[in-house]
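Chain by chain, the residues:
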Amino acid sequence: MSHSVELAGIGMTFGTTRAVSDVTFKVREGEFFSILGPSGCGKTTILRMIAGFIEPTEGRVLIGGRDMKGLGPNQRPTAMIFQSLALFPLMTVWENIAFGLEARGVGKAERRAKAEELLRLIALEGYGNRMPGELSGGQRQRVAIARALAVEPGVLLLDEPLSALDLKLRQHMRAELRALQKRTGVTFIYITHDQSEALAMSDRVAVMSAGLLQQVATPRELYDNPATPFVARFVGETNALAGRITEVAGGQARIETALGALTGRAGQGAAAGQAGTIYIRPEALMPGGATNSLTAKVERVDFEGAFALVHGAFADGAALAASVPSTRLGDAPAPGAEARFGFQPEHAVVLGDG
Amino acid sequence: MGDLYRRFGPGLSTIFVALVLVWLAGMVLAPNLMMIDYALRPNLPPAAIGGPTDTYSLANIAYLAGEATHRTIFLKTIWASALVALTTFLVCYPIAFWMAQRATVGQLSVVLLLIIIPFFINEVLRTLAWFIILAYRGPLNAVLMNLGIIEAPIRWQGDGGVLAAMVYAYILFMLLPIYNAIESLEKAQIEAARDLGASPWRIHTRVVIPHAKAGIATGFVFTFMLAAGSYVAPALLGAPGSRWFTEIIYNWFFEGGDWNRGAAYALVLLVLCLAVVLVTLKIARVNLADVAK
Amino acid sequence: MSGSERIFNALFWLYLVAFGLYLFAPLIIMGAAAFNESRFPTVIPWQGTTTDWFAAMWADRTMWQSLWTSLIVAVCVVVVAVPIGTAAALVLTSLHARAKGFAYALMVSPLLTPGVVIGISTLILWRQLGIGGGIFLIVLAQSTFIICYVMLMVMARLQRFDRTQEEAALGLGASKVMVFRRVTLPFLRPALLAASGLAVLQSVENYNTTLFVRGFETPLTVFIATKVRTGLTPAVNALALIIIAATVVGAIAFEIARRRRAGRPSP
Ligand SMILES: Nc1ncnc2c1ncn2[C@@H]1O[C@H](COP(=O)(O)OP(=O)(O)OP(=O)(O)O)[C@@H](O)[C@H]1O
Ligand SMILES: [Mg+2]
């Protein structure tokens, strides 16, 4: 059985709350797939529908092409790592790890051996007889992962498993998780509201907002080619200038903004005569650039070594964020002054507002 | 119910529901329904059961209304139980207030332990203790006579003795709910009231007691119910002139041999207690769910 | 401190002392009377110190018989009340809001029913079925309201239960029965132990309900009450003192165990 996961038009309504609407995407076998979105957008709900804790009110979940309808969480080839970890506080670490094997009727000696093997994998040898309460946050995290891996799931569902960790540990665990996924070849569906986490770890990312799927794409594409205004604003930093699209031709769109006419790549919904917005990445804005010239009032310059972050406001009030390489900092304006920036059309995208 | 099924699966859910049904249907509802049935039928010799005279009527309850002694005892049980509840409240309120608002953490834990210990001890023993103290030749009379306060021993048994023992027995049921309620009152509110020039009396009647209303109502309900339904205290400490309603019920069952009247009397007691519970909770606007802590 | 406040404080401490006296004097006098040679249990006049009453109590076969009856009843009550009370708590917590209010009212109603009424109604029902008073009915009648206590204690514990643990176990392939046995039940264990202890205490000390359904059995409380009326000697005080000592030790042990558990960091 392959372990691709397909969601076909699933939706979930709790009473009067519409948590998820008409979400369709397919996760390939062995893929590291992330679901990214702000708090409350329905990420956990989707994961719980895949795991079988709740049945979708509409649509279907298929794993390996097989419809999962009516199968309980204990009958699906999935294992879940919860936002709260949900380790069993009254069992030792090794009993926690071996719980899934116990459920499958595996004998005690074999369970113990398998638990030891997994403890080695997560670098917690010798911790088997501790209680979960006697571990640090990162160690508990790894036990939760080992517990899920022990049942050799085809699909591992991870619900913001790193959110409780401090930055340093989180970065370390990201790398470990990624390596683990490569090594085991298990399909990972990983939930996060941290975009840098999603971009850094995933093969592909689904972005959600308010129960709706916005875009499914590789991290690179998401960043360069956001499909919707939400994605453009939510993923990475951006400068957004609203206006009216005047012309679309040859993959480029011209938009009339309060700061003058600007040109960028034509994205989704960009049609002449429509209201639209041009999104420019901070690293695309260059001081003094000649094409697509813009003026802004600089308020602050944060020097960060390799580059400097320039903050300010455009004439129409929109926020300015530019990241300027240190090598070009000579041209950077002083705080309080007016400055000119420019960008290449291929580094900006014009989307229809909608 | 669907949630239960989803959570525990069909096997366990069925067992759980079955257990609860055995309890609610078999141990709570059925006995009470059968008691009502008994209460509404006449007491007949076995041969006449099911015969033409075996009809439902309110005769047994009417009997209580018509029998002067029983009626008096019933009414006395009501007001005496109310008196027990009121006295218990007066005894408990100051210490509950002190514990909730004034005592230090150390004092509180000691006092709580000290108060709880007597109440782990069985009601019969607690009543026995009063029996001994109040006995004609008992310590209380001996002390009073030695001090020269009285000349001859006093017969304490009777209403006074019953009251003392009942208040003693039910203190905890009054104290804990009131303490819990007052504890949630912010100290700042009392200080604010004092700051505004309120007298201690006003602080209590206008700030503390309204705040602790739910706890006080709970205490009243339990104390009244326990007092009205008590058998041991009146049986051991009462005098012939101070009989309690439960004693009459007992006699119908084990001396008078008329279970139907006994059932009717018990039913009246039950209805009385439930009415007091519901009315008190209604007046104090307390939810039943908050009563059982 | 103003003069009136000082008087008020003095009065309050007087009240506290009186309150303490009221609470403990009866118990102390009752206990002390067990050592007085006087045939009637009292402390004044003190006719000489003796431990004979303990021996007399020890030699009383009927006392042992009633103690035995009480213990059997208590064990049976635990066996009946703890599973049913636990089931009731689990059922109640998974009901939806409206049904919950009604079910809750029904389930706590035995606590608001006078004990004598519970005894009477049980007696009547079972007489109709041809079964008279005795251990069986004592157990049933006592369980009727002791189940409520168990239910409330289990519910209090359930409120702190993180249900994702159950989901986690289910997601790892456990059957629902296994989830209950390995995850839910172990979590409830402390509450079940405490509830069992409380059930034993409630059962042994019950009098009002038991009196009506006892048939020809004489549990400890009935034994003591009968003694008081038919021939009270300090032997009863000796028994009372021992029961009190046992209860106090039990209560303190229970409290220490509770505080120790509360003090332990929970994951
Ligand atoms: N059992 C439920 N009953 C009612 N509403 C629910 C339930 N579970 C989730 N919701 C609602 O569905 C929406 C989506 O919730 P979900 O938990 O999926 O969000 P999320 O994206 O995981 O958020 P977070 O990042 O904060 O974890 C929310 O509005 C939430 O209030
Ligand atoms: Mg979530």
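Just so you know, these numbers come straight off a predicted model, no measurement behind them. (Residues numbered from 1 in each chain as written. Chains lettered and ligands numbered in written order. Predicted model: local features only at pLDDT ≥ 70, side-chain atom pairs only at ≥ 80, totals over all residues. Heavy atoms only, no water.)

Draft legend 1. Looking closely at the overall build of chain C. Regarding its fold elements, chain C presents eleven helices and zero strands. Written out in order from the N terminus, the α and β elements of chain C read α-α-α-α-α-α-α-α-α-α-α. Here the C-alpha atoms of chain C give a radius of gyration of 24 Å, more than 25% beyond the 18 Å that 2.2 N^0.38 yields for 267 residues. Within chain C, buried positions represent 54% of all 267 residues. Expressed as a percentage of contacts within chain C between residues at least 6 apart in sequence, the contacts between residues at least 24 apart total 68%. When the accessible surface of chain C is summed, it comes to about 12100 Å², and 67% of that surface belongs to carbon and sulfur atoms. Charge-centre separation for chain C: the mean point of 21 positive side chains lies 8 Å from the mean point of 10 negative side chains. (Helix = DSSP H or I, 4+ residues; strand = E, 2+ residues; numbered from the N terminus. Rg over C-alpha atoms; globule rule 2.2 N^0.38 Å. Buried < 20%, exposed > 50% of the residue type's maximum accessible area, 1.4 Å probe, protein only. Contact = heavy atoms within 4.5 Å. Areas by Shrake-Rupley, 256 points an atom, 1.4 Å probe, with all protein chains shown as cover. Lys, Arg positive; Asp, Glu negative; His and termini not counted. Charge placed at Lys NZ, Arg CZ, Asp CG, Glu CD.)

Draft legend 2. Local environment of unusual backbone geometry. Although it is not a glycine, A:Ala123 adopts a positive phi angle of roughly 60 degrees. With respect to the helices and strands, A:Ala123 occurs in the loop between helix H4 (108-121) and helix H5 (137-150).

Draft legend 3. Quick peek at the site of ligand 1. Residues and elements named next belong to chain A. Surveying the vicinity of ligand 1 reveals the residues Phe14, Ala19, Ser39, Gly40, Cys41, Gly42, Lys43, Thr44, Thr45, Gln83 and Glu160. Ser39 is positioned with one of its side-chain polar atoms (N or O) 2.5 Å from an oxygen atom of ligand 1. Here Glu160 contributes a side-chain N or O atom positioned 3.1 Å from an oxygen atom of ligand 1. Protein chains shield 61% of the accessible area of ligand 1, which is 630 Å² for the free molecule. (Near = heavy atom within 4 Å. Polar contact = N/O pair within 3.5 Å; in protein donor to acceptor, adjacent residues only side chain to side chain.)

Draft legend 4. Inspection of the arrangement of the chains at higher detail. Across the two pairs of chains in contact, the largest number of contacts is found between chains B and C. Across all C-alpha pairs, the smallest distance from chain A to chain B is 10 Å, and the two are not in contact.

Draft legend 5. Just the UniProt feature "transmembrane region" (unreviewed entry) in chain B, in detail. Residues and elements named next belong to chain B. Taking the UniProt record as the reference, the feature "transmembrane region" (unreviewed entry) is found at residues 12-34, 78-99, 105-121, 128-150, 162-182, 214-237 and 262-284. Measuring from the first to the last C-alpha atom of residues 105-121 gives 25 Å, for a span that is 94% helix and 0% strand. For residues 214-237, the helix share is 88%, the strand share is 0%, and the end-to-end C-alpha distance is 32 Å. (UniProt positions renumbered as here; feature names shortened; annotations may be inferred.)

Draft legend 6. A look at the sheet that holds strand E7 (residues 155-159) of chain A. Residue and element names in this part refer to chain A. Taken in spatial order, the six strands of this open sheet run E6-E7-E8-E3-E9-E10, and their pairing is mixed. Two strands in the sheet have a free side with no partner beyond their single neighbour: strand E6 (78-81) and strand E10 (212-217). Direction aside, the axes of adjacent strands within the sheet are offset by 15 degrees on average. Relative to E7, E6 runs parallel, the two sharing four bridges. Note that in E7 the partner of Ile81 across the bridge is Leu158. (Pairing = 2+ DSSP bridges. Axes fitted to C-alpha atoms, helices over the stretch in contact; angles between N-to-C directions.)

Draft legend 7. Spotlight on the pairing of strand E18 (residues 319-325) of chain A. All names here are of chain A. Burial analysis of E18 places five of its seven residues in the buried class, the great majority of the element. Sheet analysis places strand E17 (residues 307-314) next to E18, joined by seven bridges and oriented antiparallel. From the neighbouring strand, Ala313 faces E18, where its bridge partner is Ala319.

Draft legend 8. Up close: the UniProt feature "domain: ABC transmembrane type-1" (unreviewed entry) in chain C. Within this numbering scheme, the UniProt entry marks residues 67-254 of chain C as carrying the feature "domain: ABC transmembrane type-1" (unreviewed entry). With 81% helix and 0% strand, residues 67-254 of chain C has end C-alpha atoms that lie 22 Å from one another.

Draft legend 9. Spotlight on a nonpolar patch on the surface. Residue and element names in this part refer to chain B. The grouping of Trp79, Leu83, Leu86 and Leu90 at the surface amounts to a nonpolar patch, some 420 Å² of accessible area in total. In this structure, Leu90 sits in helix H3 (residues 68-102). For Leu90, a relative accessible area of 55% corresponds to the exposed category. (Patch = residues over 30% accessible without salt bridge, like charges linked within 9 Å, V, L, I, M, F, W, Y side chains within 5 Å. Salt bridge = Lys/Arg side-chain N within 4 Å of Asp/Glu carboxyl O.)

Draft legend 10. Representation of the side chain of A:Asn96. Residues and elements named next belong to chain A. Mapping Asn96 onto the fold places it in helix H2 (residues 93-97). Here the side chain of Asn96 touches Met91 through a polar contact of 3.2 Å, landing on its backbone oxygen. Dropping the residues within four chain positions of it, Asn96 is found in contact with Leu87, Phe88, Met91, Pro132, Val143 and Arg147.

Draft legend 11. Structural view of the interface of chain C and chain B. Contact residues are listed per partner, giving 85 residues for chain C and 88 residues for chain B. Surface buried jointly by chain C and chain B totals about 7900 Å² across both partners, of which 79% is contributed by carbon and sulfur atoms. Of all residues in chain C, C:Tyr22, C:Leu112 and C:Ile124 give up the largest surface area on contact with chain B, accounting jointly for 9% of the area buried on that side. For the interface between chain C and chain B, the tally reads two salt bridges. For the salt bridge of B:Asp3 with C:Arg163, the shortest nitrogen-to-oxygen distance reads 3.9 Å. (Buried area = accessible area lost by both parts, 1.4 Å probe.)

Draft legend 12. Expanded view of the UniProt feature "transmembrane region" (unreviewed entry) in chain C. All names here are of chain C. Under the feature "transmembrane region" (unreviewed entry), the UniProt entry names residues 12-35, 67-92, 104-125, 131-154, 186-204 and 238-257. In this annotation, residues 12-35 is assigned 92% helix and 0% strand; the end-to-end C-alpha distance for the span is 35 Å. A distance of 32 Å separates the end C-alpha atoms of residues 131-154, which is 83% helix and 0% strand.

Draft legend 13. Up close: the UniProt feature "domain: ABC transmembrane type-1" (unreviewed entry) in chain B. In the numbering adopted here, UniProt assigns the feature "domain: ABC transmembrane type-1" (unreviewed entry) to residues 74-280 of chain B. Helix makes up 80% of residues 74-280 of chain B and strand 0%, and the two end C-alpha atoms of the span are 20 Å apart.

Draft legend 14. Quick peek at the sheet that holds strand E2 (residues 17-27) of chain A. Residue and element names in this part refer to chain A. Taken in spatial order, the four strands line up as E2-E1-E4-E5 in an open sheet, and their pairing is antiparallel. Edge positions in the open sheet fall to E2 and strand E5 (66-67), since each of these has one partner strand only. Summarising the sheet, strand E4 (residues 58-63) and E5 pair through two bridges and their orientation is antiparallel. Residue pairing for E5: Leu62 is matched across the bridge by Asp67. Of the strands in this sheet, strand E1 (5-14), E2 and E4 touch helix H1 (residues 43-51), which is tilted by about 120 degrees from E1.

Draft legend 15. Spatial organisation of the environment of B:Met225. Counting through the fold element by element, B:Met225 comes out in helix H10 (residues 213-228). A residue is classified by how much of its surface remains accessible, and B:Met225, at 3% relative accessible area, is buried. For B:Met225, the contacting residues outside a window of four places in its chain are B:Cys273, C:Leu111, C:Leu112, C:Thr113 and C:Pro114.

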